[in-house]
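# Summary of the model geometry
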Amino acid sequence: IEHAEGNIAFVRAELKITAAQGKAWDDYAAALRANAKQLNELAAELAKAPAAASPVDRIALQEKALAARLEVARRTKPALAALYAALSDEQKKAFNQLAAPGMGMGMR
């Protein structure tokens, strides 16, 4: 999350995104940027939470974190699907190796 721009640039370079794939890539990168912003804000909020929070407070924070992850997945999915459909078989193979399962950002 801290290095989202560098990761985005790295993946774009590794995939060798073509001009024809530019719109799909830009939409995907915009989703990744929005995800990073949201998750950075959440992390800052969670860092401010008192260490001695009650169990009710802790479960509320956990619920907020899970809701944010769900929003990240829902934001990313359509952009990722469009980009993946636009990739060549070689690019898909490279992307499959770069993508980290469960990250919601589609990158390691």
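First, a word on scope: everything that follows refers to the structure included in this document.

So, about the packing of aromatic side chains. The tally for this structure, following the rule as stated, stands at three aromatic pairs. With centroids separated by 6.0 Å and ring planes inclined at 70°, the aromatic side chains of Tyr28 and Phe95 adopt a geometry described as edge-to-face. Here Tyr28, found in helix H2 (residues 22–48), pairs with Phe95, found in helix H4 (residues 89–98); they are 67 residues apart in sequence, far enough to count as distant. Its relative accessible area of 3% is what places Phe95 among the buried residues. Among the aromatic side chains, those forming a connected cluster through ring pairs are Trp25, Tyr28, Tyr84 and Phe95.

Interaxial distance between H2 and helix H3 (residues 55–86) falls to 8 Å at its minimum, and their mutual angle equals 170°. Relative to H3, the element H2 is oriented roughly antiparallel. Here the residues of the contact of H2 with H3 sort into 17 nonpolar, three polar and six charged.

Definitions and limits used
Residues numbered from 1 in each chain as written. Predicted model: local features only at pLDDT ≥ 70, side-chain atom pairs only at ≥ 80, totals over all residues. Heavy atoms only, no water. Phe/Tyr/Trp six-rings, centres within 6.5 Å; stacked < 30°, edge-to-face > 60°. Helix = DSSP H or I, 4+ residues; strand = E, 2+ residues; numbered from the N terminus. Buried < 20%, exposed > 50% of the residue type's maximum accessible area, 1.4 Å probe, protein only. Axes fitted to C-alpha atoms, helices over the stretch in contact; angles between N-to-C directions. Parallel < 35°, antiparallel > 145°, perpendicular 65-115°, else oblique. Nonpolar A, V, L, I, M, F, W, Y, C, P; charged D, E, K, R; others polar.

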